[in-house]
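What follows is the residue order along each chain.
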Amino acid sequence: MDLADLTLTQEPYGTPARLQARIAVHAFGRHDAEDFHAWVWRRAGLPASLPEDAAVLEVGVGTARMWATMAGRIPAGWRLTLSDRSPGMMAAARAALDALGRQATCLVADADALPFDDGAFDLVFANHMLYHVPDLPRAVAELRRVLRPGGRLVAATNGDAHLQELAEALRDLRAAGPDVRVDLPHRLSFTLENGAATLRAAFDDVERHDREDELLLDDAELIVRYLLSMTYAPDTATARALTGRARALVAARLVAGPMRVRRVSGVFVAS
Ligand SMILES: C[S@@+](CC[C@H](N)C(=O)[O-])C[C@H]1O[C@@H](n2cnc3c(N)ncnc32)[C@H](O)[C@@H]1O
């Protein structure tokens, strides 16, 4: 894919390309933290605290990265259901599960109208997706509805200060033109700071676990891809100008050494 093409898709999750560029900074940047999903599972007491034959749902599954990362620790008896509102993401998730040789029911569904019976699941994951849903209280009520009494929701998200150094670079790119749109990765509707209040409307018990570390980025193309994955251009000429501007900006930032990026994220465990 031509780098400029990354900015041209108007649909954020039409294909996995943008999400993959965002994941790559965490996968290839340097850090000494435990793998994020391993940390989430440890904090949620998984898999030990669930029955061997648990019914498990992930909504907004994306590329199914969690299942690929945790493949060796998923109990053989877990019955998996994966869903996403985007058919393109769902196809990527299906392919990832096939590559693992793991059975899963995969379906396209919106988080605020889940096509499942009340109490169908022991555990539901909604990681890094609740800040996208247009009607958050309704989606949270749906997540509660499809959980059995005592069932658990695991919802990872970011803090307001997450990746703020990259957000500064994005603000710079926004100045590239009036038609350029930028998704700033903060001021989200569901964050570490505001998420508990939203979840308490539907769940009696909400635990919050925080995690903070630093990412060192010295690969210019990796950073440029991340920045472009958060920008939208209306035409090819603007997309190319944006790519040029992102490259120049990143080259200038790296003169002084690797970019140090603060990561502030965490997980809610609700029941
Ligand atoms: C940032 S990605 C997170 C993917 C995955 N959960 C992860 O942590 O890697 C957000 C995902 O949520 C999906 N999504 C956004 N709004 C949704 C909605 N209302 N219902 C279901 N999925 C949604 C997107 O298509 C995308 O795949």
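For the structure, check the block above.
Residues numbered from 1 in each chain as written. Predicted model: local features only at pLDDT ≥ 70, side-chain atom pairs only at ≥ 80, totals over all residues. Heavy atoms only, no water.

Residue-level account of the site of the ligand, with values.
Taken together, 19 residues are adjacent to the ligand, and Gly60, Asp84, Asp110, Ala111 and Asn127 come closest. Residue Asp84 places a side-chain N or O atom 2.6 Å away from an oxygen atom belonging to the ligand. A distance of 2.9 Å is found between a nitrogen atom of the ligand and a backbone nitrogen or oxygen belonging to Asn127. In the complex, 96% of the free accessible area of the ligand, which totals 590 Å², lies under the protein chains. Of the residues belonging to the shell around the ligand, the class tally is eight nonpolar, six polar and five charged. (Near = heavy atom within 4 Å. Polar contact = N/O pair within 3.5 Å; in protein donor to acceptor, adjacent residues only side chain to side chain. Areas by Shrake-Rupley, 256 points an atom, 1.4 Å probe, with all protein chains shown as cover. Nonpolar A, V, L, I, M, F, W, Y, C, P; charged D, E, K, R; others polar.)

Residue-level account of the pattern of salt bridges, with values.
One pass over the full model with this rule turns up 14 salt bridges. Notably, a salt bridge pairs Asp98 with Arg94, separated by 3.5 Å at the nearest N-O pair. Note that Asp98 and Arg94 are positioned in helix α4 (residues 87-100) at a spacing of four residues, about one turn of the helix. Among the residues examined, Arg94 registers a relative accessible area of 30% and is labelled partly exposed. The shortest N-O distance in the salt bridge between Glu142 and Arg145 comes to 2.7 Å. Within this pair, Glu142 and its partner Arg145 are both found in helix α5 (residues 136-146), separated by three residues, close to a single helical turn. Connected through shared salt-bridge partners, Asp118, Glu142 and Arg145 make up one network. (Salt bridge = Lys/Arg side-chain N within 4 Å of Asp/Glu carboxyl O. Helix = DSSP H or I, 4+ residues; strand = E, 2+ residues; numbered from the N terminus. Buried < 20%, exposed > 50% of the residue type's maximum accessible area, 1.4 Å probe, protein only.)

Tell me what's going on with the sheet that holds strand β2 (residues 79-84), and back it up with residues and numbers.
The strands making up a sheet associate through backbone hydrogen bonding, with each pair oriented either parallel or antiparallel. Taken in spatial order, the seven strands make up an open sheet running β3-β2-β1-β4-β5-β9-β7, and their pairing is mixed. Two strands in the sheet have a free side with no partner beyond their single neighbour: β3 (105-108) and β7 (206-217). The average undirected angle you get between the axes of adjacent strands in this sheet is 15°. As judged from the six bridges shared by strand β5 (residues 147-158) and strand β9 (residues 259-270), these two strands associate in the antiparallel manner. When the sheet's bridge partners are listed, Asn158 is paired in β9 with Ser265. In this fold helix α2 (residues 36-43) packs onto β4 (121-125), β5, β7 and β9, with an angle of close to 30° to the strand it touches most, β9. (Pairing = 2+ DSSP bridges. Axes fitted to C-alpha atoms, helices over the stretch in contact; angles between N-to-C directions. Contact = heavy atoms within 4.5 Å.)

Before we move on, can you summarise the packing of aromatic side chains with the specific residues and values?
Evaluation of the coordinates by the stated rule reveals seven aromatic pairs. Between Trp67 and Phe125, the ring centres sit 5.7 Å apart and the planes meet at 90°, which makes this aromatic pair edge-to-face. Taken together, the residues span a long stretch of sequence, with Trp67 in helix α3 (residues 65-69) and Phe125 in strand β4 at a distance of 58 residues. When sorted by exposure, Trp67 lands in the same class as Phe125, which is buried. Chaining the aromatic ring pairs together yields one cluster made of Trp41, Trp67, Trp78 and Phe125. Note that Arg181 overlies the ring of Tyr232, its terminal NZ or CZ placed 4.1 Å from the centroid. (Phe/Tyr/Trp six-rings, centres within 6.5 Å; stacked < 30°, edge-to-face > 60°. Lys NZ or Arg CZ within 6 Å of the ring centre and 35° of its normal.)

Outline the nonpolar core, listing residues and values.
Burial of nonpolar side chains together is a common tendency in soluble globular proteins. Judged by nonpolar contacts, the single largest core of 33 residues is most densely connected at Leu166, Leu170, Leu217, Ile223, Tyr226 and Leu227. Secondary structure elements with two or more residues in this core: α1 (17-28), α6 (164-174), β7, α8 (220-229), α9 (236-254) and β9. Once you skip the residues sitting within four places of it in the chain, Leu217 turns out to touch Val25, Gly29, Leu166, Leu222, Ile223, Leu254, Pro258, Met259 and Val261. The next biggest cluster of nonpolar side chains, apart from the first, holds 31 residues, and it includes Phe116, Ala139, Val140 and Val264. (Core = buried A, V, L, I, M, F, W, Y, C linked by side-chain atoms within 4.5 Å.)

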